[in-house]
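Close look at the chain arrangement
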Amino acid sequence: MTEESLALYVVPTPLGNLGDMTQRAIEVLRQVPWVAAEDTRHSAPLLKHFGCNARLLAAHEHNEEAAAQQVIEHLASGESVALVSDAGTPAFSDPGARLVARVRAAGFRVVPLPGPCAAVTALSASGLAEPHFLFYGFLPAKAKQREDALRGLSALPFALIFYEAPHRILETVESLASVLGPHRTLIMARELTKLFETIHSCSLGEAYEWMTADANRQRGEFVLLVSAAKATGDDGEGERVLRLLLDEGLPVKQAAKLTHSITGAGKNAMYDLALSLKHAADDTGG
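Please read these numbers as outputs of a predicted model, since none were measured by experiment.

Looking at the packing of helix α7 (residues 169-180) against helix α8 (residues 204-212)
Viewed as axis vectors pointing N to C, α7 and α8 meet at an angle of 160°, and their least axial separation amounts to 8 Å. Taken together, α7 and α8 sit at an angle that is classed as roughly antiparallel. The interaxial crossing formed by α7 with α8 has left-handed handedness. Contact residues: α7 offers Ile 169, Leu 170, Val 173, Glu 174, Leu 176, Ala 177 and Leu 180, while α8 offers Leu 204, Ala 207, Tyr 208, Met 211 and Thr 212. Broken down by class, the residue content of the contact of α7 with α8 amounts to ten nonpolar, one polar and one charged.

Structural notes on the pattern of salt bridges
In a structure, side chains of opposite charge can pair up when their charged atoms sit close to one another. Going through the model one piece at a time under the given rule, you end up with ten salt bridges. Note that Glu 64 and Arg 98 form a salt bridge whose closest N and O atoms lie 3.5 Å from each other. Remark: Arg 98 occurs in helix α4 (residues 97-105) and Glu 64 occurs in helix α3 (residues 64-76); sequence separation between them is 34 residues. Residue Glu 64 is classed as buried on the basis of its relative accessible area, which comes to 6%. Here Asp 148 ties to Lys 144 by a salt bridge, and the two come within 3.0 Å at their closest N and O atoms. Of this pair, Asp 148 and Lys 144 both sit in helix α6 (residues 143-153), four residues apart, which is roughly one turn of the helix. Ionic contacts of the salt-bridge type, sharing partners, join the residues Lys 144, Asp 148 and Arg 151 into one network.

Looking at the sheet that holds strand β1 (residues 8-10)
Taken in spatial order, the five strands of this open sheet run β3-β2-β4-β1-β5, and their pairing is parallel. What marks the edges here is a single partner per strand, and that holds for β3 (55-58) and β5 (110-112). Taken pair by pair, the neighbouring strands of this sheet meet at an average axis angle of 25°, ignoring direction. Each of β1, β2 (34-37), β3 and β4 (81-84) touches α3; the most contacted strand, β3, lies at about 145° to it.

A closer look at the packing of α6 against α7
Packing of α6 against α7 leaves a shortest axis separation of 10 Å and a crossing angle of 45°. Between α6 and α7, the angle falls in the class oblique. Two packed elements cross with a definite hand, and for α6 against α7 that hand is right-handed. Seen from α6, the contacting residues are Arg 146, Glu 147, Leu 150 and Arg 151; seen from α7, they are Glu 171, Thr 172, Ser 175, Leu 176, Val 179 and Leu 180. Tallied by class, the residues present in the contact of α6 with α7 amount to four nonpolar, two polar and four charged.

Some details on empty space enclosed by the protein
According to the stated counting rule, one finds one cavity of 30 Å³ or more in the structure shown. If you add up the space inside the largest cavity, you get close to 30 Å³. Along the walls of the largest cavity sit Met 188, Arg 190, Thr 198, Trp 210, Met 211, Arg 217 and Phe 222, which together make up its complete lining. If you list the elements that add at least two residues to the lining of the largest cavity, you get β8 (185-190) and α8.

As for the pairing of β2
Burial along β2 is two-sided: the residues Trp 34 and Ala 36 and Val 35 and Ala 37 are all buried. The sheet contact formed by β2 and β3 spans four bridges and is parallel. Residue pairing across strands places Ala 37 opposite Ala 58, the latter belonging to β3. What joins β2 to β3 is helix α2 (residues 40-49), and the crossover it makes is right-handed. Two strands pair when backbone bridges link them, and β2 and β4 are joined in this way by four bridges, in the parallel orientation. Across the sheet, Val 35 pairs through a bridge with Ala 82, a residue of β4.

Notes on the sheet that holds strand β9 (residues 198-203)
Across a sheet, strands are paired by hydrogen bonds formed along the backbone, either parallel or antiparallel in direction. If you walk across this open sheet you meet the five strands as β6-β7-β10-β8-β9, and the pairing is mixed. Each of the sheet's edge strands pairs with one partner strand only, and the pair in question is β6 (133-138) and β9. Neighbouring strand axes in the sheet, compared pairwise and without regard to direction, differ in orientation by 15° on average. As judged from the five bridges shared by β8 and strand β10 (residues 222-226), these two strands associate in the antiparallel manner.

Some details on the packing of aromatic side chains
Tallied over the entire structure, the rule returns four aromatic pairs. A centroid spacing of 4.4 Å and a plane angle of 25° characterise the contact between Phe 92 and Phe 135, whose relative ring orientation is stacked. Pair noted here: Phe 92 is in the loop between β4 and α4 and Phe 135 is in strand β6, with a separation of 43 residues, a long-range link. For Phe 92, a relative accessible area of 30% corresponds to the partly exposed category. Among the aromatic residues, those joined into a cluster by ring pairs are Phe 92, Phe 135, Phe 138 and Tyr 163.

Quick notes on the rules
Residues numbered from 1 in each chain as written. Predicted model: local features only at pLDDT ≥ 70, side-chain atom pairs only at ≥ 80, totals over all residues. Heavy atoms only, no water. Axes fitted to C-alpha atoms, helices over the stretch in contact; angles between N-to-C directions. Helix = DSSP H or I, 4+ residues; strand = E, 2+ residues; numbered from the N terminus. Parallel < 35°, antiparallel > 145°, perpendicular 65-115°, else oblique. Left-handed = near helix turned anticlockwise from the far one by under 90°. Contact = heavy atoms within 4.5 Å. Nonpolar A, V, L, I, M, F, W, Y, C, P; charged D, E, K, R; others polar. Salt bridge = Lys/Arg side-chain N within 4 Å of Asp/Glu carboxyl O. Buried < 20%, exposed > 50% of the residue type's maximum accessible area, 1.4 Å probe, protein only. Pairing = 2+ DSSP bridges. 1 Å grid on protein atoms, 1.4 Å probe; cavity = no way out; pocket = protein on both sides within 12 Å on 5 of 7 lines; lining within 4 Å. Points joined across faces, edges and corners; volume = space filled by probe spheres on them. Right-handed = clockwise from strand over helix to strand, strands pointing away. Phe/Tyr/Trp six-rings, centres within 6.5 Å; stacked < 30°, edge-to-face > 60°.

Don't take any of this as a statement about function, it's just geometry.
Written out as structure tokens, the structure reads:
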């Protein structure tokens with residue numbers, strides 16, 4: 001590569017179907033002398049398939065700082081480097097962001113290539129019409145931390161996008177239904193671009209039963225897309241139902257949870273409103 005082309009190239013690789021590798025990505029990988037890879041054992045066959053003879057260096061989440069220094073040294077000696085992850089776009093819920101930041105701070109060019117991304121691929125086939133989305137990536141593995149994270153997202157007016165591994169998929173689907181409510185739409189995109197690609201739409205309340213009806217539905221890498229929280233407050237439906245439940249003597253927490261399940265109103269917002277209504281009733285002797 002010429003002196004003018006000296007750079008760190010961020011190169012997306014296929015999610016599964018090798019036909020999704022762009023011609024530009026192939027050309028870059030054939031020309032650079034070094035490829036920084038999340039897993040060199042995984043990337044070596046890909047490079048061989050496309051006739052790329054670059055030498056590999058490991059750049060994963062446990063050695064990213066050291067790998068960044070190696071990359072900078074190669075760039076300083078006039079050798080371009082390509083950065084790849086196991087699948088999809090590097091630094092997008094994958095290692096690479098810190099490495100890219102260090103390279104930029106050292107004054108070298110970073111050239112991004114467009115290409116495969118599981119989140120965007122799934123969103124394009126979801127049918128969700130929300131104008132905005134929030135990509136979260138992987139939720140915490142522990143139940144309480146996962147549910148705390150979801151509570152912080154529950155009232156956002158955006159489609160939510162998560163990644164999940166097969167060994168946690170059932171727990172995550174249960175948490176989504178429990179915290180976000182059973183009525184929001186869930187799109188489960190599994191094994192995208194691969195032989196057993198599946199894209200299934202249902203309500204959050206139906207998802208667990210659908211997945212457990214066939215063990216094969218729990219296999220592979222998942223993208224989960226959840227429809228946005230419904231706007232509440234325009235017609236006061238959440239408040240109306242909440243008042244009725246409180247009038248029937250239900251505790252604040254239970255009334256808020258049921259209101260959320262019935263109307264889709266944000267659970268946290270309904271809990272706060274229930275506390276306010278109860279305090280107001282107590283102050284007036286109601």
